[in-house]
Amino acid sequence: MTVASKTVSDVIHSHLGVLTRAEKQLAESLLDNYPVSGLGSITTIAENAGVSTPTVVRMVQKLGFKGYPDFQAHLHRRSRRRFLTRSPNTTAGRRMPRARIFSTVSPMPSWAICARR
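The rules behind the values
- Residues numbered from 1 in each chain as written.
- Predicted model: local features only at pLDDT ≥ 70, side-chain atom pairs only at ≥ 80, totals over all residues.
- Heavy atoms only, no water.
- Buried < 20%, exposed > 50% of the residue type's maximum accessible area, 1.4 Å probe, protein only.
- Helix = DSSP H or I, 4+ residues; strand = E, 2+ residues; numbered from the N terminus.
- Arc of directions from axis to C-beta.
- Phe/Tyr/Trp six-rings, centres within 6.5 Å; stacked < 30°, edge-to-face > 60°.

Chemist: Report on helix H3 (residues 42-49), specifying residues and quantitative values.
Modeler: Where H3 is concerned, the buried positions are Ile45, Ala46 and Ala49. Along the axis of H3, the buried positions cluster into a sector of 100°, meaning they face one direction only. Away from its buried face by more than 90 degrees, H3 exposes Glu47 and Asn48. Of the residues flanking the end of H3, it is glycine 50, one or two places downstream, whose phi is positive at about 75°.

Chemist: Before we move on, can you summarise the packing of aromatic side chains with the specific residues and values?
Modeler: Using the criterion set out here, one finds two aromatic pairs in the structure. Centre to centre, the rings of phenylalanine 65 and phenylalanine 71 are 5.5 Å apart; their planes meet at 85°, and the pair counts as edge-to-face. Each member of the pair, phenylalanine 65 together with phenylalanine 71, is buried. Between tyrosine 68 and phenylalanine 71, the ring centres sit 5.8 Å apart and the planes meet at 35°, which makes this aromatic pair tilted. In this pair, tyrosine 68 and phenylalanine 71 both sit in helix H5 (residues 68-86), three residues apart, roughly one turn of the helix. Its relative accessible area of 8% is what places tyrosine 68 among the buried residues.

Written out as structure tokens, the structure is:
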């Protein structure tokens, strides 16, 4: 099975045995808030995990990606596919017409409007 056919989470889990201590620390950080944690900049991800940016680059390459941009593009594609097929405003992977989305949303209660002022 290639990297392209797996989720980033699956790829990370399958490589945990070969990662260094810092790479495992990064992997755990990414998995803790998956997939959102992988959508930030390389610097932000490194800082959040307490590792260096070169560690991020080495780990994503070890996972089978060409580099960080390839890793993030894969994460974006998989996340988009996941959210399109599972979000409440879709039907069988197709976007629901806007009018139908708004007809399913209840109006904000008056007490909430007053509380926002």
